[in-house]
Amino acid sequence: MASPSVMQLSSLSRRSLSTRAQLVRSARPLRSSGFSQQSFQRSTRRTYADAASAPAPKPQKRFRFLRWSWRLTWLTGVGMIGALGYSIYEQRNPIEQFDVDPTKKTLVILGTGWGSVSLLKKLDTENYNVVVISPRNYFLFTPLLPSCTTGLIEHRSIMEPIRNILRVKKANVKFYEAEATKIDYEKRVVLISDDSEIKGDISHTEVPFDMLVVGVGAENATFGIKGVKENSCFLKEVGDAQKIRKRIMDCVETAMFKDQTEEEVKRLLHMVVVGGGPTGVEFAGELQDFFEDDLKKWIPDIQKHFKVTLVEALPNVLPMFSKQLIDYTESTFKEEAISIRTKTMVKNVTDKHIEAEITNPDGTKELETIPYGLLVWATGNAVRGVVRDLMNQLPAQKNSRRGLAVNEYLVVNGTENVWAVGDCAVTNYAPTAQVAGQEGAFLARLFNTMAKTEAVENDLKALSVAQSEAKNDEDRNQIFDEIRERQRQLRRTKQIGPFQYSHQGSLAYIGKERAVADISWLSGNIASGGTMTYLFWRSAYLSMCFSSRNRVLVAVDWIKAKLFGRDVSRE
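Residues numbered from 1 in each chain as written. Predicted model: local features only at pLDDT ≥ 70, side-chain atom pairs only at ≥ 80, totals over all residues. Heavy atoms only, no water.

**Structural notes on the confidence of the model for the protein**
Phase 1 of the analysis: Averaged over all residues, the pLDDT of the protein is 86; the fraction at 70 or higher stands at 87%.
Phase 2 of the analysis: Note that residues 1-17 has pLDDT below 50 and, in this model, one contact with residues that lie over four places away or in other chains.
Phase 3 of the analysis: Confidence drops under a pLDDT of 50 for residues 19-35, and excluding neighbours within four residues, the segment shows two contacts in the predicted structure. (pLDDT = per-residue confidence, 0-100. Contact = heavy atoms within 4.5 Å.)

If you want it as structure tokens, here you go:
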């Protein structure tokens with residue numbers, strides 16, 4: 001008896017033979033109809049050849065657009081990285097500078113603020129012997145100073161050493177880290193004093209000038225209120241931001257001290273900001289962000305009593321913004337639990353509370369005592385002593401109260417070859433960084449034009465002498481043609497007009513990753529607020545930084561704070 005496997009094999013063999021016979025029978029009609037195997041193969045080859053020669057289907061347009069968008073993005077990124085690398089290399093490898101030419105005029109610039117630095121960046125220093133005098137040897141990007149108070153940005157990220165700016169100029173620029181104590185207009189000298197801890201044999205001296213630019217800024221205005229200087233923190237310099245940062249943590253840690261009374265804890269954790277301008281509003285927003293994002297996370301015991309209050313004497317905050325943005329700011333502060341006290345005027349300040357006069361809706365006034373742990377004073381500007389002394393020397397300045405009155409070319413009234421820029425100058429515009437920067441750029445164009453004009457005038461004098469000494473008509477006509485060309489150049493260089501301020505808009509951060517912006521566009525303004533405006537605020541300030549170094553450092557600080565949070569240590 002056959003095994004099952006043998007029976008299965010024989011069955012498979014029979015099926016295979018049957019299938020082969022069916023294939024042979026089915027192939028016979030093809031041969032009888034005249035369609036041979038060779039013609040079938042030739043037809044198959046032609047079909048494959050036609051298919052191979054047929055054009056490939058075109059990709060869809062949307063994918064083509066995405067491919068080109070990716071290429072453009074990639075090329076843009078490579079270009080930006082290349083530009084950044086070149087900028088860093090250029091800063092790290094300054095060129096060889098020309099020595100001072102004693103035959104040229106001496107231009108003395110006081111201060112290293114927005115106006116002075118903007119002037120220095122655009123000034124052709126080959127035309128003058130430039131001397132810069134300032135008690136600080138750096139430029140400070142003040143719009144981001146409130147962020148330094150909470151540790152969001154390190155203070156060195158918004159400081160640009162003045163030597164970095166001066167060293168890349170074509171001609172050598174002298175810098176003296178000193179304070180200008182007096183400007184003697186009659187003698188044409190500036191008296192300077194070295195106030196550093198380490199003094200040499202000479203700590204007081206004089207610097208002569210042919211041309212002078214006063215850009216010393218302004219002091220914090222206290223309006224004569226008793227106790228403000230002794231008990232308040234200001235917000236104008238790096239030292240102010242560092243002091244505020246330490247004071248915040250001092251108040252928090254002291255409030256957590258053993259056996260502290262609840263009343264004292266409330267006082268210590270009450271942060272009061274006086275001044276409803278952009279500086280005060282931005283600091284209040286940054287401080288509340290610091291509490292929400294970091295302080296209450298690491299020190300949860302303060303959550304119940306921490307409070308931020310903004311005090312403003314006017315009826316509303318941010319008076320330079322539109323009503324729509326003012327309302328949006330106030331509603332955002334209400335969401336963040338920031339208290340706004342408008343129509344509240346400070347009358348007296350002690351070490352633990354302020355006395356304020358409050359105007360009620362019915363017009364009546366009452367005096368209220370507001371306790372505080374931290375008091376930040378961010379209101380107005382006052383004239384510096386060196387500016388007031390110069391004003392007293394000039395009869396044309398007797399009616400000026402807020403600073404040096406200037407004409408349309410920023411020349412100080414009652415003087416010659418003395419200009420003023422920034423907060424120490426009185427113009428028709430608000431004393432902002434934007435105004436000061438444009439004033440400095442204007443003076444740079446003016447001084448460059450004056451140098452070109454003087455050079456052309458000297459050429460004209462020399463050509464006039466040469467024409468009178470010419471020996472024949474041909475030489476005389478050739479010199480006359482050169483004189484006419486120089487006169488055309490002179491007319492072109494003298495066409496610079498007076499200073500005109502171009503308002504680019506106003507920005508302010510209001511906390512909770514929101515900002516408000518009042519931007520000039522064509523013939524009108526665009527008012528916006530929210531998270532997208534906050535991203536615009538960041539990109540605008542990043543682009544306004546004076547160097548690639550500052551941009552990189554600020555961006556890195558933002559990334560660090562996002563990843564790891566702000567530092568809650570005292571120092």
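That was the structure; now back to the text.
**A word on the pairing of strand β15 (residues 353-359)**
Phase 1 of the analysis: Residues Ile-354, Ala-356 and Ile-358 of β15 are buried on one face, while the alternating residues His-353, Glu-355, Glu-357 and Thr-359, pointing to the opposite face, are not.
Phase 2 of the analysis: Two elements, strand β14 (residues 344-349) and β15, share five bridges in a ladder whose sense is antiparallel. Residue pairing across strands places Val-346 opposite Ala-356, the latter belonging to β15.
Phase 3 of the analysis: Hairpin geometry of β14 and β15 is characterised by an intervening segment of three residues between the two adjacent antiparallel strands.
Phase 4 of the analysis: When β15 meets strand β16 (residues 365-371), the two strands line up antiparallel, connected through seven bridges. Its bridge partner being in β16, Ala-356 is matched across the sheet by Glu-368. (Buried < 20%, exposed > 50% of the residue type's maximum accessible area, 1.4 Å probe, protein only. Helix = DSSP H or I, 4+ residues; strand = E, 2+ residues; numbered from the N terminus. Pairing = 2+ DSSP bridges.)

**A look at helix α16 (residues 548-564)**
Phase 1 of the analysis: Taking 1.5 Å as the rise per residue, α16 with 17 residues should run 24 Å; its terminal C-alpha atoms sit 24 Å apart, in good agreement.
Phase 2 of the analysis: Within the span of α16, buried status applies to Ser-548, Asn-550, Val-554, Asp-557, Trp-558 and Ala-561. (Expected span 1.5 Å × (residues − 1).)

**Things to note about empty space enclosed by the protein**
Over the atoms a probe the size of a water molecule is rolled, and this reveals where empty space is left.
Phase 1 of the analysis: For the coordinates displayed, the defined rule picks out one cavity of 30 Å³ or more.
Phase 2 of the analysis: Around the largest cavity sit Thr-149, Thr-150, Arg-245, Ile-248, Met-249, Phe-290, Asp-567 and Ser-569, which together line it.
Phase 3 of the analysis: Examining the composition of the lining of the largest cavity, we find that three residues originate from one element, helix α8 (residues 238-255), more than from any other.
Phase 4 of the analysis: Split by residue class, the lining of the largest cavity holds three nonpolar, three polar and two charged. (1 Å grid on protein atoms, 1.4 Å probe; cavity = no way out; pocket = protein on both sides within 12 Å on 5 of 7 lines; lining within 4 Å. Points joined across faces, edges and corners; volume = space filled by probe spheres on them. Nonpolar A, V, L, I, M, F, W, Y, C, P; charged D, E, K, R; others polar.)

**What about the nonpolar core?**
Phase 1 of the analysis: Counting 123 residues, the largest nonpolar core has Val-214, Leu-443 and Phe-447 as its most contacted members.
Phase 2 of the analysis: Formed by 14 residues, the second largest nonpolar core is a distinct cluster that contains Val-274, Val-349, Ile-354 and Ile-370. (Core = buried A, V, L, I, M, F, W, Y, C linked by side-chain atoms within 4.5 Å.)

**Some thoughts on the sheet that holds strand β22 (residues 505-511)**
Phase 1 of the analysis: Across the sheet, three strands lie side by side as β22-β23-β24; this open sheet has antiparallel pairing. Two strands in the sheet have a free side with no partner beyond their single neighbour: β22 and β24 (524-530). The average undirected angle you get between the axes of adjacent strands in this sheet is 10°.
Phase 2 of the analysis: When strand β23 (residues 514-521) meets β24, the two strands line up antiparallel, connected through seven bridges. Considered in β24, the bridge of Val-516 is made with Gly-529.
Phase 3 of the analysis: The strands touched by helix α11 (residues 323-335) within the sheet are β22, β23 and β24, with β23 carrying the most contacts at an inclination of about 170°.
Phase 4 of the analysis: Across the sheet, helix α15 (residues 531-544) touches β22, β23 and β24, and the angle it forms with β23 is around 70°. (Axes fitted to C-alpha atoms, helices over the stretch in contact; angles between N-to-C directions.)

**What about the pattern of salt bridges?**
Phase 1 of the analysis: All chains considered together, the criterion is met by 17 salt bridges.
Phase 2 of the analysis: Across the pair Arg-245 and Glu-154 runs a salt bridge whose closest N-O atoms are separated by 3.8 Å. Of the two residues, Arg-245 sits in helix α8 while Glu-154 sits in the loop between α5 (145-148) and β4 (159-161), which places them 91 residues apart along the sequence.
Phase 3 of the analysis: Classification of Arg-245 by relative accessible area gives buried; the value is 13%.
Phase 4 of the analysis: Asp-293 serves as the salt-bridge partner of Arg-566, at 3.5 Å between the closest nitrogen and oxygen. Of this pair, Arg-566 sits in the segment after α16 while Asp-293 sits in helix α10 (residues 278-298), and the two are 273 residues apart along the sequence.
Phase 5 of the analysis: Assessed through its relative accessible area of 10%, Arg-566 is described here as buried.
Phase 6 of the analysis: It is possible to trace a salt-bridge network through shared partners that takes in Asp-293, Asp-294 and Arg-566. (Salt bridge = Lys/Arg side-chain N within 4 Å of Asp/Glu carboxyl O.)

**Describing a nonpolar patch on the surface**
Phase 1 of the analysis: Nonpolar side chains collect at one region of the surface, where Trp-70, Trp-74, Leu-75 and Val-78 lie side by side and expose about 490 Å² of accessible area between them.
Phase 2 of the analysis: Following the sequence through the fold, Leu-75 ends up in helix α3 (residues 61-92). (Patch = residues over 30% accessible without salt bridge, like charges linked within 9 Å, V, L, I, M, F, W, Y side chains within 5 Å. Areas by Shrake-Rupley, 256 points an atom, 1.4 Å probe, with all protein chains shown as cover.)

**Examining the packing of aromatic side chains**
Phase 1 of the analysis: Per the counting criterion, the structure on display carries 16 aromatic pairs.
Phase 2 of the analysis: On the basis of an interplanar angle of 85° and a centroid distance of 6.0 Å, the ring pair of Tyr-429 and Phe-499 is categorised as edge-to-face. Highlighted residues: Tyr-429 in the loop between β21 (425-426) and α13 (433-468) and Phe-499 in the loop between α14 (473-493) and β22, separated in sequence by 70 residues.
Phase 3 of the analysis: Taken together, Trp-114, Phe-139, Phe-141, Tyr-509, Tyr-534, Trp-537, Tyr-541 and Phe-546 form an aromatic cluster joined through their ring pairs.
Phase 4 of the analysis: Arg-71 extends its terminal NZ or CZ atom over the ring of Trp-68, reaching a point 4.7 Å from the ring centre.
Phase 5 of the analysis: The residue whose ring lies beneath Arg-538 is Trp-558, and the NZ or CZ to ring-centre distance is 4.2 Å. (Phe/Tyr/Trp six-rings, centres within 6.5 Å; stacked < 30°, edge-to-face > 60°. Lys NZ or Arg CZ within 6 Å of the ring centre and 35° of its normal.)

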